[in-house]
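Close look at the chain arrangement
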Amino acid sequence: MAKVKRKFVCQQCGTVAARWQGQCEDCGEWNSIVEEAAETVFSSRHDLQNGGRAITLIGLDSKIELPPRTSTGIAEFDRALGGGIVAGSATLIGGDPGIGKSTLLLQAAARVAARGLSVAYISGEEATDQVRLRAQRLGLGNAPVMLASATSVRDILTTLSEGQPPALLVIDSIQTMHSDLIEGAPGTVSQVRASSQELIKFAKQRGTALILVGHVTKDGSIAGPRVLEHMVDTVLAFEGERSHQYRILRAIKNRFGGTDEIGVFAMVAEGLEEVANPSALFLTQRDETVTGATVFPALEGTRPVLVEIQALVVRLSSGATPRRAVVGWDSGRLAMVLAVLEARCGLSFSTCEVYLNVAGGYRLSDPAADLAVAAALVSALSEKPLPSDVVLFGEIALSSEIRPVAHAPLRLRESAKLGFNRAFIPAAAADGVKGIAVSGFRTLAQLVDQMLGRG
């Protein structure tokens, strides 16, 4: 006899509970647990060691060819994908509302279709006329893209299976799709999982490159079950502030290429425009040196990006508790750098408010930015500017040691290419690169002594 079990699933994180409760114990969300139909469990036992189909095992040293890639016509998009789209692959793109996901995919779909490949764009959030109006605003009104507004996965796959399958299929968005094999409203954990599974199965069987658009939660993670990110081959995150011009498309997972690659775009009236030189977005153009400003060559995948770090130190005379404000960097690392400057270098920030900003709305997670941040803080405190032709990078240890970081020659070559003549880096990585003079420092105290002119 079949025994039916009741289950309650959190719509934010996918946690399954045996009974309903007001707050999810895992993610802490309130009123997110919904009852869903559970699968039927049979009590009969089976021996899984017999009755199956023998599978073929191959050696790890077997020869294999790299999968062919199709360019989207947008070089920055191709870079984030690892070189282009792969037939039969599934890609998930997530980002905040209004960041430009649909705009980018519509531009990519139009360029792929213009090359003679069949492209289907299925929108579950907008009517076809709305998509066509956007295409006309972007100057893509004549692109041979097949449009449809639908939410039923069965209807979509039935339509696409009638003739030659498209080379590229865009689903905008997966949270609006509905499978009649599963009970529940669109957007629930079970519906997102079932709809994705059917679409990915179609893509793998028919050789169609599938791109899914995903919503994000309040903390920036992709909404729906976590298993969705495991089902797809590539996960891309579309980042940026709506108040800033730039957008970054970052590869978080890629089974066909490297991760942490980025594509940089600028939002203009005609849609998203590629930025071939991202450093131009994040470097301030000025004729004279300014205190508290340093330049750091960040590394995103294989691409160096030069960004400006700005620091402001305000001395307090009233005895009030000083503030620590950070934009674009980790506040915990700022506290660590301030502690090292005070304990190892003899500088006191205890009576000063400290403000740190990464120019252009860029977000840094590279620990190699420690040295540039420390130099900006020292410059702001002492009111002594660093020369405008200097870049800095290096990780700071609690002992004040400056530790080497990855890909130092690549960072130096990019800095020299953009006109910087000197670099302050860890002594252990002070190998010269043509076109830029290198100064190596073993400890942060040595750099502080040089900046302040201390013997």
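Each chain carries its own residue numbering, running from 1 in the direction its sequence is written. Local features in a predicted model are, by the rule used here, given only for residues with pLDDT of at least 70; side-chain atom pairs are given and counted only at 80 or more, and totals for whole chains, interfaces and linings are based on all residues. Note that water and hydrogens are dropped before the side-chain values are worked out from all heavy atoms of the structure.

As annotated in an unreviewed UniProt entry, the chain is DNA repair protein RadA from Sphingobium psychrophilum.

1. Some details on helix α3 (residues 128–137)
Only protein chains enter the calculation, and the probe is 1.4 Å; a residue is then buried if its accessible area is under 20% of its type maximum, exposed if over 50%, and partly exposed in between. Runs of H or I in DSSP of at least four residues are treated as helices and runs of E of at least two as strands, each being numbered from the N terminus. When we look at burial in α3, the residues that qualify are V131, R134 and A135. Angular distribution of buried residues about the axis of α3 spans 100°; they occupy a single face of the element. Packing partners of the buried residues in α3 comprise α2 (101–114), β7 (119–123) and β8 (146–149). Downstream of α3 by one or two residues, G139 has phi in the positive range, about 75°. This arc is taken over the directions from the axis of the helix to the C-beta atoms. The contact criterion used throughout is that any non-hydrogen atoms of two residues lie within 4.5 Å.

2. Things to note about the pattern of salt bridges
Here, a salt bridge means any Lys or Arg side-chain nitrogen found within 4 Å of an Asp or Glu carboxyl oxygen. For the coordinates displayed, the defined rule picks out 13 salt bridges. Between D233 and R255 there is a salt bridge, and its shortest N-O distance comes to 3.0 Å. You can see D233 sitting in the loop between α6 (227–231) and β11 (234–239) and its partner R255 sitting in the loop between β12 (246–254) and β13 (262–268), a full 22 residues away along the chain. Since its relative accessible area comes to 4%, D233 is described here as buried. The exposure class assigned to R255 is partly exposed, which follows from its relative accessible area of 48%. With a shortest N-O distance of 2.4 Å, R333 and D370 are connected by a salt bridge. Placement of R333 in helix α8 (residues 331–345) and of D370 in helix α9 (residues 370–382) is noted, with a sequence separation of 37 residues between them. With a relative accessible area of 23%, R333 lands in the partly exposed category. Connected via shared salt-bridge partners are K204, D233 and R255.

3. Section: the sheet that holds strand β14 (residues 271–274)
Strand pairing is assigned whenever DSSP identifies at least 2 bridges connecting the two strands. Pairing within the open sheet is mixed, and its 9 strands lie in the order β8-β7-β9-β10-β6-β11-β12-β13-β14. The outermost strands of the open sheet, each flanked by one partner alone, are β8 and β14. Adjacent strand axes in the sheet meet at a mean angle of 25° when their direction is disregarded. The strands touched by α3 within the sheet are β7 and β8, with β8 carrying the most contacts at an inclination of about 140°. The axes are straight lines fitted to the C-alpha atoms, using for helices just the contacting stretch, and the angles between their N-to-C directions are given from 0 to 180°.

4. Observations concerning the domain arrangement of the chain
In terms of domain boundaries, the chain breaks down into domain 1 (1–41), domain 2 (69–276) and domain 3 (281–452). One C-alpha centre belongs to domain 2, the other to domain 3, and the line joining them spans 38 Å. Facing the 17 residues of domain 2 at the interface are 11 residues of domain 3. Each partner contributes to the roughly 1100 Å² buried at the junction of domain 2 and domain 3, and carbon and sulfur atoms together form 48% of this total. Taken together, the connections running from domain 2 to domain 3 amount to 1 salt bridge. Put simply, R303 and E76 hold a salt bridge, and the shortest N to O gap is 2.7 Å. Note that the domain bounds reflect an automated or database-derived domain assignment. Throughout, buried area stands for the accessible area (probe radius 1.4 Å) lost by two parts on being put together, summed over both.

5. Focus on the pairing of strand β10 (residues 209–214)
Note on strand geometry: in a regular strand, side chains alternate between the two faces of the sheet. The buried count for β10 comes to 6 of 6 residues, which makes it a mostly enclosed element. Of the two faces of β10, the one lined by A209, I211 and V213 and the one lined by L210, L212 and G214 are each fully buried. Pairing of strand β9 (residues 168–172) with β10, which is carried by 5 bridges, proceeds in the parallel orientation. Bridge assignment links V170 to a residue of β10, and that residue is I211.

6. Re the packing of α8 against helix α11 (residues 444–452)
Here α8 crosses α11 at 80°, and the two axes come no closer than 10 Å. Judged by the angle between their axes, α8 and α11 are roughly perpendicular. Residues V340, L341, R344 and C345 of α8 pack against L444, A445 and V448 of α11. Any residue that is not Ala, Val, Leu, Ile, Met, Phe, Trp, Tyr, Cys, Pro, Asp, Glu, Lys or Arg is counted as polar, Gly included; the first ten are nonpolar and the last four charged. Taken together, the residues of the contact of α8 with α11 break down into 6 nonpolar, no polar and 1 charged. Note on terminology: angles under 35 degrees are roughly parallel, angles over 145 are roughly antiparallel, angles of 65 to 115 are roughly perpendicular, and the others are oblique.

7. So, unusual backbone geometry
Cis geometry marks the peptide bond from D172 to S173, where omega comes out at 5°. Structurally, S173 can be placed in the loop between β9 and α5 (189–206). A positive phi angle, near 60°, is found at E383, a position not held by glycine. Locating E383 in the fold gives a position in the loop between α9 and β19 (390–392). Judged by relative accessible area, E383 falls into the exposed class, the value being 57%.

8. A look at α2
Look at α2: 20 Å from first C-alpha to last across 14 residues, which is about the 20 Å you get at 1.5 Å a residue. Counting buried positions over the 14 residues of α2 gives 12, a clear majority of the element. Expected helix span is taken as 1.5 Å per residue step, with the number of steps being one fewer than the number of residues.

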